[in-house]
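Coordinates in review
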Amino acid sequence: MSCQEIFTKYIAHLEFLAERNQIGSDQLNHFLHRGIEVISPSKDFGLESLGKILPEIVIGANSEYISKLKVPYQATSYLAANAMDNNDVGPYVYKISSRKAGGVPFLTGGKRRQIDNAFASTHRILMGRDAIMVSADNLMLNKENIWNWHFFGDFFRESDPNLFKDLCELETRIGKTQTHRYVIVARSDKTFKRLHMKEEYEKNRIAVLDKQNDIHVIFVTNESGYLFARNSLPESAELSYIVTGKDFDFRKAMRTLREEYHILKVLNDGGRQMSNGVLESGLLGEERVTLEPYPGDEIMHSNKEIDQSSILGKKGLGIDGSELAGAVLLHSIGIGKERANVYTYPLNDEIVL
């Protein structure tokens, strides 16, 4: 579908919700003013292999709206699997508590899926171009990895070289940044101490802090965090701090990212707890979620009660009856039993503009 066709369908969906009083007039006007952006890999860039998997890549705000924001436009990305063998109802879980590190690879039945790797790769190219933001906890949990698009896209080097070539070309067309930026949220000195970041850094065990990887790391913290960390993690061309004051102030930090670092978009890869905090702050614009079918009894242990903390969503929770509470389903692409969905959250224009 063309950009206009997708936007027209989205507008009709929003107007239907307004007529049923599921969204107010302010939210309707907000979404209409905000617009969307649609990229067609094959039509816009001639990337046929990528276009076969993702005919359209949809972003929940247009460039004009994003350029006016006082804070970066934020998006997240998740993989979630149906915890029940009940078609597409859910609940959908983003982790399996009984598995090591949440058992994320098991959500797809233990096999890497083409659509999720393509979805995650393009999301990082498009939304993570300016910066990728992680919580300090998530950083240390995956300290040996750099979660850029290659983490997912390199899967295609051998399995589908043409698709890998398309992803490289997409990055070139969108525009490579000279230096990749990681924003690390460490709210206070307690975070640095609890995670032993000083010791791990000194042993060169944190990939994004390895100078050879050419990454600019921006720590977001409060005064106590800065005073503790500045000696062991000294400021340099590759490392800087945003200090929000005596208390941690996330909104202030995001304004600083926009004003001083000129960051327009942020891929929020901080984990569910941090994403929920950003949502509560009124600063989360959208979420991209690959919904996987039930991976089987052996993986999911369906005879056990579902851990409520692992649930990402369930059909019926969304404003429009989709899966994510407080969200509206913007776009959906299905391949087999998988679905790659984009959900938008209403932003408070008084806060972000």
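As the structure is a computational prediction, the values presented were derived from the model and not from experiment. Within any chain, residue numbers begin from 1 and follow the written order of that chain's sequence. Confidence filtering applies because this is a predicted model: local features only for residues at pLDDT of at least 70, side-chain atom pairs given and counted only at 80 or more, and all residues used for totals across whole chains, interfaces and linings. Working from all heavy atoms in the structure, the side-chain values ignore hydrogens and water.

**A look at the confidence of the model for the protein chain**
Interpreting fine coordinate detail is not advised for predicted regions of low pLDDT. For the protein chain, the average pLDDT comes to 91, and 97% of its residues sit at 70 or higher. A residue's pLDDT is the confidence the predictor assigns to it, expressed on a 0 to 100 scale. Secondary structure follows DSSP: runs of H or I at least 4 residues long count as helices, runs of E at least 2 residues long count as strands, and numbering of each begins at the N terminus. At the low end of the mean pLDDT range in the protein chain sits helix 16 (residues 297-300), at 80; at the high end sits strand 8 (residues 239-243), at 97.

**Things to note about the packing of aromatic side chains**
The criterion for an aromatic pair is that two Phe, Tyr or Trp rings (for Trp, the six-membered ring) have centres within 6.5 Å, with stacked assigned to planes under 30 degrees apart, edge-to-face to planes over 60 apart and tilted to the rest. Scanning the entire structure with this criterion turns up 10 aromatic pairs. Aromatic side chains W147 and F152 sit 6.0 Å apart centroid to centroid with 70 degrees between the ring planes, which places their arrangement in the edge-to-face category. Measuring from centroid to centroid gives 5.4 Å for F192 and F219, while their planes differ by 55 degrees, and the two rings are tilted. Note that F192 is positioned in helix 11 (residues 189-194) and F219 in strand 7 (residues 215-221), a separation of 27 residues in sequence. Whether a residue is buried, partly exposed or exposed follows from its accessible area with a 1.4 Å probe, protein chains only, as a fraction of its type maximum: under 20%, in between, or over 50%, in that order. With a relative accessible area of 2%, F192 lands in the buried category. Members of the aromatic cluster, connected to one another through ring pairs, are F192, F219, Y226 and Y241. Geometrically, a lysine NZ or arginine CZ counts as sitting over a ring once it is within 6 Å of the ring centre and also within 35 degrees of the ring normal. The cationic tip of R272 hangs over the ring face of Y78; the distance from NZ or CZ to the ring centre is 4.8 Å.

**Quick notes on the environment of A18**
Mapped onto the secondary structure, A18 falls in helix 1 (residues 3-19). In this structure the C-alpha to C-alpha distance between A18 and L28, which are 10 residues apart in sequence, comes to 6.8 Å. The criterion used for residue contact is that any of the two residues' heavy atoms lie within 4.5 Å. Aside from chain neighbours lying at most four places away, what touches A18 is I23 and L28.

**Things to note about the pattern of salt bridges**
A carboxyl oxygen of Asp or Glu within 4 Å of a side-chain nitrogen of Lys or Arg is what we treat as a salt bridge. Within the structure shown, the criterion is met by 13 salt bridges. Note that D189 is salt-bridged to K193, the shortest N-O span being 3.2 Å. Here the residue D189 and the residue K193 both occupy positions in helix 11, the gap between them amounting to 4 residues, near one helical turn. Among the ionic pairs, E287 bridges to R272, the shortest N-O distance being 2.8 Å. Taken together, the positions of E287 in strand 10 (residues 284-292) and R272 in helix 15 (residues 272-280) put the pair 15 residues apart, joining distant regions of the chain. Of the residues examined, R272 reaches a relative accessible area of 10% and is grouped as buried. Bridged by salt links that share partners, the residues D88, K315 and E323 form one connected network.

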